[in-house]
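Close look at the chain arrangement
For reference, the chains in residue letters:
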Amino acid sequence: MHLAYLQPFEDANKRVSRLAANIPLIRQNLCPLSFVDVPERAYIDGVLGIYELNRVELLRDVFIWAYQRSCARYSAVRQSLGEPDRFRLRYRALIAEVVAAVVRDGLDKKAATALIRQHAAEQVPAEDQGRFVEVAETELMSLHEGNIARYRLRPSEYEAWRQGWH
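The following paragraphs examine the structure supplied in this document. No experiment lies behind these values; they were computed from the predicted model shown.

Definitions and cut-offs
- The written sequence of each chain sets the order in which its residues are numbered from 1.
- Since the coordinates come from a predicted model, pLDDT governs what is reported: local features require at least 70, and pairs of side-chain atoms require 80 or more to be given and counted, while whole-chain, interface and lining totals use all residues.
- Hydrogens and water molecules were not included; the side-chain quantities draw on all heavy atoms of the structure.
- Definition used in this section: a nonpolar core is a set of buried Ala, Val, Leu, Ile, Met, Phe, Trp, Tyr and Cys residues joined via side-chain atoms within 4.5 Å.
- Remark: exposure states derive from per-residue accessible area (1.4 Å probe, protein chains only) relative to the maximum for the residue type, with buried under 20%, exposed over 50%, and partly exposed in between.
- Labels follow the DSSP assignment, with helices taken as runs of H or I lasting at least four residues and strands as runs of E lasting at least two, numbered in each case from the N terminus.
- Should any heavy atoms of two residues lie within 4.5 Å, those residues are considered in contact.
- One less than the residue count of a helix, multiplied by 1.5 Å, gives the span that helix is expected to have.
- Relevant arc is that of directions from the helix axis to the C-beta atoms, nothing else.
- Pairs of N or O atoms within 3.5 Å make up the polar contacts considered here, provided that, within protein, one atom can donate a hydrogen while the other can accept it, and that residues adjacent in sequence are counted only when both atoms are side-chain atoms.

What follows deals with the nonpolar core. Residues Val 102, Ile 116, Phe 132, Leu 140, Leu 143, Leu 153 and Trp 161 are the most contacted members of the largest nonpolar core, which totals 27 residues. Secondary-structure elements contributing two or more residues to this core are α7 (92–104), α8 (109–123), α9 (126–141) and α10 (155–165). For Ile 116, the residues in contact, after removing those within four places along its chain, are Val 98, Phe 132, Val 133, Ala 136, Glu 137 and Leu 140. Counting residues in hydrophobic clusters, the runner-up holds 10 residues, among them Val 38, Val 47, Leu 59 and Val 62.

The subject of this paragraph is α8. Counted at 1.5 Å a residue, the expected span for α8 with its 15 residues is 21 Å, and the 21 Å between its end C-alpha atoms agrees. All of the buried residues along α8 are Ala 112, Leu 115, Ile 116, His 119 and Ala 120. Projected down its long axis, α8 carries its buried residues within an arc of 135°, all on one side. Seen from the buried face of α8, the exposed residues on the opposite side, beyond 90 degrees, are Lys 110, Arg 117, Ala 121 and Glu 122. On its buried side, α8 packs onto α7, α9 and α10. Its side-chain oxygen 3.3 Å from the backbone nitrogen of Lys 110, Asp 108 forms the N-cap of α8.

So this is what it looks like as structure tokens:
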């Protein structure tokens, strides 16, 4: 709350302070705090209680209520997502490198498959090569304007490649 009280920015002081409240939580691998469902009046009253009366109780209660809701929501989302794909995590950098190379070099489907297989043969253990090729090809086929930043591609590179790909 003191960050918002100091007013260090021209705008967004309360938003910045609410985001900053997550830093110690995330550092301790705890659920982040969200104010999505917090009644605006309760939050404002809590802030005014601190600013005008130097009383933290109301805002403390708002934070606790919001954190309990955040934890429940986070847990539900986490369960619906399932576990991360360890294979994709292990080869994330190489997959990104291959996808970017295909696009930047303007390769067609046949040349792309050859490049993917070459990278797999050179850099992936034999038991993982088949799945690596499958995942890399799936990533290429799923490429669109909304996810090209993941591969550090510029829109112009993507657009030039896409026209030759189809």
